[in-house]
Amino acid sequence: MDKYEKDAKVFKAFCDTKRLRIIDLLTQGERCACVLMEEMGMAQSALSYHMKILCEAGIVKARPDGKWVHYSLDEAGIRSASDRILQITAPKSEMSCHCNNKR
């Protein structure tokens, strides 16, 4: 997987209002899937879909506990995502234009 494919996974995690709300809830601490289902008002299958995306992106980590899973933010993954967006958007040295459109 090249860096842009990994970037796409990470940024996809932030491109959904439900996932942003889940991230916001997890800023308050670890949550059991059963609690997230109630707080989000969504079925287990829908929550699982969003949690899979967040976990694969490295933004959230999962901790199995019996029949339930507890989720929390992955600080290293969040730092990595933050660093990467800064790298992608950092100004590069100016490139000269070699087109014939001189002004």
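The rules behind these values
- Numbering of residues begins from 1 in every chain and follows the order in which that chain's sequence is written.
- Thresholds applied to this predicted model are a pLDDT of at least 70 for local features of residues and 80 or more for the giving and counting of side-chain atom pairs; totals over whole chains, interfaces and linings are not thresholded and use all residues.
- Working from all heavy atoms in the structure, the side-chain values ignore hydrogens and water.
- When DSSP locates at least two bridges between a pair of strands, those strands are taken to pair.
- Only DSSP runs of H or I covering at least 4 residues are called helices, and only runs of E covering at least 2 are called strands; the numbering of each starts at the N terminus.
- Expected span, for any helix, means 1.5 Å times one less than how many residues it has.
- The cut-offs for exposure are 20% and 50% of the maximum accessible area for each residue type, with area from a 1.4 Å probe on protein chains only; residues under the lower value are buried, those over the upper are exposed, and the others partly exposed.
- Throughout, the arc means that of the directions going from the helix axis to the C-beta atoms.

## What to know about the pairing of strand β2 (residues 60–65)
Logical step 1: Pairing of β2 with strand β3 (residues 68–73), which is carried by 6 bridges, proceeds in the antiparallel orientation. From the neighbouring strand, Lys 61 faces β3, where its bridge partner is Ser 72.
Logical step 2: Between β2 and β3, which follow one another and run antiparallel, lie 2 residues, and Gly 66 among them has a positive phi close to 65 degrees.

## Re helix α4 (residues 44–56)
Logical step 1: Taking 1.5 Å of rise per residue, the 13 residues of α4 would be expected to cover 18 Å, and the 18 Å separating its terminal C-alpha atoms lies within 8% of that figure.
Logical step 2: Looking at α4, one finds that the buried residues are Leu 47, His 50, Met 51, Ile 53 and Leu 54. For α4, the arc enclosing every buried residue in end-on projection is 155 degrees, short of the 170-degree limit, so these residues lie on one face. Of the exposed residues in α4, the ones pointing more than 90 degrees away from its buried face are Ser 45 and Lys 52.
Logical step 3: Positive phi shows up at Gly 58, right after α4, with a value of about 80 degrees.

The values reported here are purely geometric and, on their own, carry no functional implication.
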